[in-house]
Protein chains: 2
Amino acid sequence: MSNFPFQRLQADLSGLIDRTPAGQRLPSEPELAKQLGVSRATLRDAMRTFETQGLVRRRQGSGTFVVGKVQALDSGLEVLESLETMAKRLGLVISVSHLSVEPLAADETLAEKLGLEVGAGLLCIRRVIRADGRPVAYLVDTLPENVLRVDDVATDFHGSVLDFLLERGDILKTSRANVSALGATAEVAKALEIQRGDVLLHFYSQLFDENAKVVDYSLSYFIPGYFHFHVVRRVGG
Amino acid sequence: MSNFPFQRLQADLSGLIDRTPAGQRLPSEPELAKQLGVSRATLRDAMRTFETQGLVRRRQGSGTFVVGKVQALDSGLEVLESLETMAKRLGLVISVSHLSVEPLAADETLAEKLGLEVGAGLLCIRRVIRADGRPVAYLVDTLPENVLRVDDVATDFHGSVLDFLLERGDILKTSRANVSALGATAEVAKALEIQRGDVLLHFYSQLFDENAKVVDYSLSYFIPGYFHFHVVRRVGG
DNA sequence: ACACTATAAGTTGTCAGACAATTAACTCAG
DNA sequence: CTGAGTTAATTGTCTGACAACTTATAGTGT
């Protein structure tokens, strides 16, 4: 029972944020601290935990704002589909930004994940997916250079590696995806325009072709609330 | 480029935490602030983001410690199995604490998820799963009272609702699970002995019987790093 | 010698006040 | 009407201090 002021403050703030309409500004820090009976330092400490959850956004000189969500993208995990396909299916419009294509050599981790040797030539594709203009996902795909080269993606690449390979005629079989949760690293935070440490849903997966070779090692970072991933689990072993 | 001191501080702290062995204490806040060239207030602000990710743990009067992970529990999402079954399969020992069994009436959300009417009698089972003595998951199962009554679970309940129903002879078919990430609420934070807002992996799922009736609405909260959930996704639609 | 208590030092939690950096609105000359 | 400068408001950071808590140490009584 030690954290009384802080915990009580979190509860009060949570209620205030819930009651405040999305996009609206909260009272200034000095005023809020006075209203809630705590110092501004403690208030800021608590407010950081809500910023981490993506519930509020602070802007120096402007204020602290409650963030609102757009409609969530819904998809089952049994079938692998691109975010573009998912959005089209739901009649939503998404866009791609910060597209970066970069060749690199396999380090120990990538070599193991892709079934190659250390130093093998790879191509790394990074991009930010936006819904309603706001960043909602950051995707990093890494492929062997014999699967995809820089000049291959110069044309007809619209943001989805999966769609590109399928339209090219590649035969792809399955993807093995791992799901986790984590705090944003510096790189991911910058891309998604959030703070380092903010909570994210994370997939890392291997895409296999007909010969069970790994053709793509993919890292996906999703801002919670914008996606509903579900899966049907069979009972019994 | 506004958050320079804070962002640089996060990078420095991240490196320090990575270099520090698990369980070891970090230098005191005044000393660290002096070493890193920031005020203690800013240092604390940054340190909270790492506490939120579960990377460090602060104890008043004692210090700030780097937390270490135990072996992760590995499981596929295609098959629904209890954490107990999962642990036994991997030769690990887990325990159950804070077991709470409580009857309640269905509110709007629960009624919809369970396919019942508002006010219907329910049974809510909450418990904390521990590995190596440390909390790693918080589970909340809610079942209709015609499926499970209080006195049913008085005996032979070892922590898993799924195992209990199966051993009793119930015919269960599938579970529809949704995966997400979120910050801990006050209730979950208390159960898992973490801070409100700390990042968690979250499943919420419906368990169906042979008649496609919902027999269990389940909420699961996992501390990241202790579990590896994976799923094989089929390409194409 | 042992168990228990009181003390002291060290650490995190909170507070108060101040200034810097940034933003947004306003004023006013052209 | 436009645009630059000014001003007020807000968050970011710093400094210093004290409170609350933990741990180790020294001391005391039996």
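Residues numbered from 1 in each chain as written. Chains lettered and ligands numbered in written order. Predicted model: local features only at pLDDT ≥ 70, side-chain atom pairs only at ≥ 80, totals over all residues. Heavy atoms only, no water.

### A look at the relation of the copies chain A and chain B
Moving on, step 1. Overlaying chain A on chain B yields an RMSD of 0.0 Å, the required transformation being a rotation through 180° with an accompanying axial translation of 0.0 Å. The relationship between the two copies is best expressed as a two-fold rotation axis.
Moving on, step 2. A shared binding surface is used by both copies, with 100% of the interface residues of chain A retained as interface residues in chain B. (Least-squares fit on C-alpha atoms with pLDDT ≥ 70 in both. Contact = heavy atoms within 4.5 Å.)

### Concerning the interface of chain A and chain B
Moving on, step 1. Of the residues lining the interface, 54 residues belong to chain A; the matching set on chain B comes to 55 residues.
Moving on, step 2. Between chain A and chain B the total buried area reaches about 4700 Å² when both faces are included, carbon and sulfur atoms providing 52% of it.
Moving on, step 3. Three residues, Arg196, Arg233 and Val235 of chain A, lead the burial of chain A against chain B; their summed loss comes to 18% of the area buried on that side.
Moving on, step 4. Our enumeration of links across chain A and chain B arrives at three salt bridges. (Buried area = accessible area lost by both parts, 1.4 Å probe. Salt bridge = Lys/Arg side-chain N within 4 Å of Asp/Glu carboxyl O.)

### Observations concerning the side chain of Ser175 of chain B
Moving on, step 1. Relative to the assigned elements, Ser175 of chain B resides in strand E8 (residues 172-183).
Moving on, step 2. What Ser175 of chain B contacts, discounting residues up to four positions off in sequence, is Val231, Val232 and Arg233 of chain A together with Leu80, Ser205, Gln206 and Leu207 of chain B. (Helix = DSSP H or I, 4+ residues; strand = E, 2+ residues; numbered from the N terminus.)

### Observations regarding the protein's contact with DNA strand D
Moving on, step 1. Close contacts around DNA strand D come from 21 residues, with Arg25, Glu29, Arg40 and Arg44 of chain A together with Thr42 of chain B the closest.
Moving on, step 2. Sugar plus phosphate, as a fraction of atoms of DNA strand D within 4 Å of the protein: 70%.
Moving on, step 3. In the model, a phosphate oxygen of DNA strand D is placed 2.8 Å from a nitrogen or oxygen of the Glu29 of chain A main chain.
Moving on, step 4. Note that a phosphate oxygen of DNA strand D is positioned 3.0 Å from one of the side-chain N or O atoms of Ser39 of chain B.
Moving on, step 5. Counting only elements with at least two residues in the surface near DNA strand D, the list comes to helix H3 (40-52), strand E1 (56-59) and strand E2 (63-66) of chain A together with helix H1 (4-19) and helix H3 (40-52) of chain B.
Moving on, step 6. Broken down by class, the residue content of the surface near DNA strand D amounts to three nonpolar, 11 polar and seven charged. (Near = heavy atom within 4 Å. Polar contact = N/O pair within 3.5 Å; in protein donor to acceptor, adjacent residues only side chain to side chain. Nonpolar A, V, L, I, M, F, W, Y, C, P; charged D, E, K, R; others polar.)

### Remarks on the protein's contact with DNA strand C
Moving on, step 1. Close to DNA strand C lie 22 residues; Thr42 of chain A together with Glu29, Arg40, Arg44 and Gly61 of chain B are nearest.
Moving on, step 2. Between DNA strand C and the protein, one listed contact pairs a phosphate oxygen with a side-chain N or O atom of Arg25 of chain B at 3.1 Å.
Moving on, step 3. Secondary-structure elements contributing two or more residues to the surface near DNA strand C are helix H1 (4-19) and H3 of chain A together with H3, strand E1 (56-59) and strand E2 (63-66) of chain B.
Moving on, step 4. In terms of residue count, H3 of chain A provides more of the surface near DNA strand C than any other element does, three residues in total.
Moving on, step 5. Among the residues forming the surface near DNA strand C, the class breakdown is four nonpolar, 11 polar and seven charged.

### Let's talk about the nonpolar core
Moving on, step 1. In terms of nonpolar packing, the biggest core is built from 70 residues, with Leu83, Phe227 and Phe229 of chain A together with Leu83, Phe227 and Phe229 of chain B touching the most fellow members.
Moving on, step 2. With residues near it in sequence (within four places) discarded, Phe229 of chain B still touches Ala177, Asn178 and Val179 of chain A together with Ser75, Leu77, Met86, Leu201, Phe203 and Phe222 of chain B. (Core = buried A, V, L, I, M, F, W, Y, C linked by side-chain atoms within 4.5 Å. Buried < 20%, exposed > 50% of the residue type's maximum accessible area, 1.4 Å probe, protein only.)

### Brief notes about the packing of aromatic side chains
Moving on, step 1. What the rule picks out here adds up to 14 aromatic pairs over all chains.
Moving on, step 2. Summarising the aromatic geometry, the rings of Phe227 of chain B and Phe229 of chain B are spaced 5.7 Å apart at their centres and angled 5° between planes, so their arrangement reads as stacked.
Moving on, step 3. Looking at Phe229 of chain B, the relative accessible area reads 2%, which means it is buried.
Moving on, step 4. Here the basic side chain of Arg59 of chain A rests over the ring of Phe65 of chain A, its NZ or CZ set 4.7 Å away from the ring centre. (Phe/Tyr/Trp six-rings, centres within 6.5 Å; stacked < 30°, edge-to-face > 60°. Lys NZ or Arg CZ within 6 Å of the ring centre and 35° of its normal.)

### Describing the environment of Arg233 of chain B
Moving on, step 1. With respect to the helices and strands, the residue Arg233 of chain B is situated in strand E11 (residues 227-235).
Moving on, step 2. Between the alpha carbons of Arg233 of chain B and Ile94 of chain B there is a distance of 30 Å; along the sequence they are 139 residues apart.
Moving on, step 3. If near-sequence neighbours (up to four positions away) are discounted, Arg233 of chain B is found in contact with Ser75, Gly76, Leu77, Glu78, Val79, Leu80, Glu81, Lys173, Thr174, Ser175, Ala177 and Phe203 of chain A.
Moving on, step 4. In terms of polar contacts, Arg233 of chain B uses its side chain to reach the backbone carbonyl oxygen of Val79 of chain A, at 3.1 Å.

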